[in-house]
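Tertiary structure, described
Chain by chain, the residues run as shown.
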Amino acid sequence: MVDAIVSFAVQKLGDFLIQEIALFRSLREEVQWLRNELLFMQSFLKDAEQKQNEDQKVEQWVFEINSIANDAVAILEIYTLESDKGSDPGFASHLMTCACICRKETKFYKVVKEIQSLKQRVMDLSRKRETYGIRDIKNTREGPSNQSVMVRTLRRTTSYIDDDHIFVGFRDVVESLLAELLKEEPRRSVISIYGMGGLGKTTLARNLYNSPNVVSSFQTRTWICVSQEYNTMDLLRNIIKSIQGRTKESLDLLEKMTETDLEIHLRDLLKERKYLLVVDDVWQREAWESLKRAFPDSKKGSRVIITTRKEDVAKRADDKGFVYKLRFLSEGESWKLFCGKLLDVQAMVPAMERLAKDMVDKCGGLPLAIVVLSGLLSHKRGREEWQKVKDHLWQHMKDDSIEISYILSLSYNDLSTSLKQCFLYFGIFPEDSMVGVEKIMWLWMAEGFIPRGEERMEDVAECFLNELIRRSLIQVVDTFWEKVIKCKIHDLVRDLAIQKALEVNFFDIYDRRKHSISSLSLRHVIHGQAQRYLSLDFSNLKLRSIMFLDRDFGKLDLLKFRNVFQHLYVLNLDLTICHGTKLPDAIGSLYHLKFLSLIAPDPINLPSSIDNLKNLQTLINLFDNGSGSKAYGSLPPETSNLIKLRHLIAFYSQPLQLSKLTSLQVLKYICCDQWKDFDPVGLVNLGELDMRNIKKSYSLNNISSLKNLSTLILGCASGESFPALEYLTSCQNLRELWLDGRIEKLHQFPNSITMVVLLYSKLIEDPMPMLGMLPNLRNLDLVEAYEGKEITCKGNSFSQLEFLRLDSLWNLERWHLATSAMPLIKGFGIHDCPKLKEIPKRMKDVANLERLKSIPVELWI
């Protein structure tokens, strides 16, 4: 797939020339030249994409073309913004125009200079194209017009297997290790799992960590990733934070503690608890030695799981501990895993099967190599293409086996440029990070990786994510029903992403030891010591993105937006300490900004200058006081002028006019007071709404005007009941419905609904007869939703239901299930229904569902 970003830029430049009739002549000529040159360059992209797999310089050429295209669009947006500033009617505006004409001409002169700079970059690329022998392949461009076909193809061919499920060949291992964890031995003991990278040590440990029996047996569970570079004090702080929360007072106190203080504090937290600690990816024996003094042995049966690639680390962790060497898969297990991940096993003819078995055999039983190979071959059609893959792999054989690094590289090279950019972005996050899928998809959109066309960008981004999951380059960590909530990247795959990113200057991670970062990279990532990073010289940089992932940085006054970060598309601030409660006014100078994320323990107030961020697509402003409860703040009235805003995620309660936000797709965490006197008819694109603090005295009638709403989450204020719910029937496109709070009477829901979650509804009447009539309902969760003694599922009811979970129905005694009810049921879970005398016989053979551990209505970030 030839990248569609250049096509979009060409289209945008052409539209600009048509719309801006009164354009300065010099600027018009420069824009026309740039458009023609990018159009010409498109004919070479197909050949470049084919050659970049063998030539790193060609790959960099392709990335630079996309960068120029994005920069061209950004420059046009600046010009349009400056023009609009002087277009307001009125006497005052006329006076301002007379006074500022020289200043505006200076700004437009700067725009011309920016385009001339791009012109020089394009000419440099033209010379490199000839040097690299990139040739013209005509009529092969894949622009936005073909985007719908591309998305439909990805949707049709994409699926995923949750990597947290027990993987092939290791069910017996899990049972053995669970027995060690749960055995009646009061001594704190260590279970060490070791083996080479890619065998599945972390996946195995996570299965143990999340096992229902383990969750119920250990009062406290915590997980830390150590890796090759670690700081003992940082590890101790992170463990303490995960146990006691992140209040401002506790965070300030932790910062002042010495290593000895942290050890004593952690011992005091744990001395009366039965705890489970997972220490993932330990490289040096000293790492565990430096930590274990803080973990008391109070003879309560506490356990530690260590994963490591090194045998000596595993065996010396505990003289009396349990050590398990994770084995390689057998030939049969390897083939079963390969076929399980293959997209279309039926299409594998005997000749292809022989080729596949040869390649799988050379993977040497390494699960990561097998699943990545399966993902790669899933996207190759026919014997000839599979033969090409085998020929490539056979060139890199070592000791009669395939190097895992080469399989990963081959899978990466098989991606389109857009997918490569999306994949590389995962390397930005710290090792072992669990990444919220919504957030990373919105980041891709802001960066310009997602082609714009007939399909919604959110849908295209979701297809891209699923494609990376299907290729096993990205692992699924958390799901809710069929929706991926969190994902991560294997450390070996992350190493590849970082290596490739550095080769093409895609991003660079601030090196705290050398106090340096690449000036050639468009994206800077800061994992620690952000204050020192900000002391660097940025005067000659045009950064596209800055990701502050140093959660202990909170000095907002150090952010010199006006002079340093004027070209930013993305600004991400994840904080656990916040020494200032207001973002500097200079944030308004970031005219290009499309993504702004602020996560802090205290409310961060946004200045009125946010009005200038006319290109902003995503605004996240969340705070958590560490107690688990969320407080509501306010947004400036100027937020209502951000007409390109697509995702607004913020705890706020003061009135805010949203009627102009016609591009809004997602609106989360608003207080219901917002909507009492608001007509949302203008929110024609709103697909997801999350509203809290609803009171019985309110009316939900205005929700009925949201004709495109597909996901609705409603939560009552404490001690309140829902008002009448009959207005929901007007939402004919509604698919997912969450209701958190007391419901006095259940009303009929739209027939379009596929998922219902009722939390703490405390219904008096049996909800099953009404819910059973929903013709498309596939998933149903009832958590403390009914206070009666009987439920009845009548004949032919729940015709499409696949998954059912009953939780905390304390008074339930009998369940009547007609023979013809729930004919398609696949999974069933029942928890804390102590009076239920008998489960229907048909349900005893249905797969068990785990308890709903947490309600994933929070933004996973």
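Residues numbered from 1 in each chain as written. Predicted model: local features only at pLDDT ≥ 70, side-chain atom pairs only at ≥ 80, totals over all residues. Heavy atoms only, no water.

Some remarks on the overall build of the protein
The helix and strand inventory of the protein stands at 25 helices and 28 strands. In the protein, buried positions account for 56% of the 861 residues. The long-range share in the protein, meaning contacts at least 24 apart out of those at least 6 apart in sequence, stands at 62%. Carbon together with sulfur atoms contributes 48% to the accessible area of the protein, which is approximately 36400 Å² in total. (Helix = DSSP H or I, 4+ residues; strand = E, 2+ residues; numbered from the N terminus. Buried < 20%, exposed > 50% of the residue type's maximum accessible area, 1.4 Å probe, protein only. Contact = heavy atoms within 4.5 Å. Areas by Shrake-Rupley, 256 points an atom, 1.4 Å probe, with all protein chains shown as cover.)

Re the environment of Gln-228
Turning to its location among the elements, Gln-228 is positioned in the loop between strand S2 (220-227) and helix H9 (232-244). Sequence-wise, Gln-228 and Trp-283 are 55 residues apart; in three dimensions their C-alpha atoms are separated by 5.6 Å. Not counting residues up to four positions away in its chain, the partners in contact with Gln-228 are Trp-283 and Gln-284.

Digging into the sheet that holds strand S8 (residues 435-436)
Strand order in the open sheet made by the three strands is S8-S10-S9, with antiparallel pairing throughout. Strand pairing shows two members of the sheet lacking a second neighbour, S8 and strand S9 (475-480), which therefore form its edges. Taken together, the two bridges between S8 and strand S10 (residues 483-488) define a ladder with antiparallel strand orientation. Pairing of Val-435 across the sheet is with Cys-487, part of S10. (Pairing = 2+ DSSP bridges.)

Considering the sheet that holds strand S1 (residues 189-194)
Read from one edge to the other, the open sheet built from five strands follows the order S2-S3-S4-S1-S5, with strand pairing classed as parallel. Among the strands making up the open sheet, the edge pair consists of S2 and strand S5 (322-325). Across the sheet, the axes of successive neighbouring strands diverge by a mean angle of 15 degrees, strand direction being ignored. The sheet contact formed by strand S3 (residues 275-282) and strand S4 (residues 303-308) spans five bridges and is parallel. Looking across to S4, one finds that Val-282 is bridged to Thr-308. Packing of H9 onto the sheet brings it into contact with S2 and S3, and relative to S2 it is tilted by some 155 degrees. (Axes fitted to C-alpha atoms, helices over the stretch in contact; angles between N-to-C directions.)

Remarks on the nonpolar core
Core analysis: the largest hydrophobic core is formed by 110 residues, its most contacted members being Phe-338, Leu-373, Phe-423, Tyr-425, Phe-426, Trp-444 and Leu-468. In this structure, Phe-423 is in contact with Tyr-412, Leu-415, Leu-468, Leu-473, Ile-474, Ile-489, Val-493, Leu-496 and Ala-497, ignoring residues within four places of it in sequence. Within the second largest apolar cluster, 101 residues are counted, among which are Tyr-510, Phe-538, Leu-782 and Met-822. (Core = buried A, V, L, I, M, F, W, Y, C linked by side-chain atoms within 4.5 Å.)

Observations regarding the pairing of strand S23 (residues 779-783)
The side chains of a regular strand alternate, first on one face of the sheet and then on the other. Most of S23 sits inside the fold, with five of its five residues counted as buried. The alternating pattern of S23 places Asn-779, Asp-781 and Val-783 on one face and Leu-780 and Leu-782 on the opposite face, and all of these are buried. With five bridges connecting them, strand S22 (residues 755-759) and S23 associate as parallel partners. From the neighbouring strand, Val-756 faces S23, where its bridge partner is Leu-780. Across five bridges, S23 lies against strand S25 (residues 803-807) in parallel orientation. From the neighbouring strand, Asp-781 faces S25, where its bridge partner is Arg-805.

Overview of the confidence of the model for the protein
Per-residue confidence for the protein gives a mean pLDDT of 82, with 83% of residues at or over 70. Predicted confidence is poor over residues 155-166, with pLDDT under 50, and the contacts of this stretch with residues over four places away or in other chains come to 33 contacts. Across residues 854-861, confidence stays below pLDDT 50; counting only partners more than four residues off in sequence or on other chains, it has 29 contacts. (pLDDT = per-residue confidence, 0-100.)

Brief notes about the packing of aromatic side chains
Two aromatic rings are characterised by how far apart their centres lie and by the angle between their planes. In the structure shown here, the tally under the stated rule is 14 aromatic pairs. When the centroid spacing of 4.9 Å and the interplanar angle of 25 degrees are considered together, the rings of Phe-651 and Tyr-669 count as stacked. Of this pair, Phe-651 sits in strand S17 (residues 647-652) while Tyr-669 sits in strand S18 (residues 666-671), placing them 18 residues apart in sequence. Phe-651 sits in the buried class, given a relative accessible area of 4%. Taken together, the aromatic side chains of Tyr-425, Phe-449, Phe-506 and Phe-507 make up a single cluster linked through ring pairs. When the ring centre of Tyr-569 is taken as origin, the NZ or CZ atom of Arg-544, which lies over that ring, is 4.5 Å away. (Phe/Tyr/Trp six-rings, centres within 6.5 Å; stacked < 30°, edge-to-face > 60°. Lys NZ or Arg CZ within 6 Å of the ring centre and 35° of its normal.)

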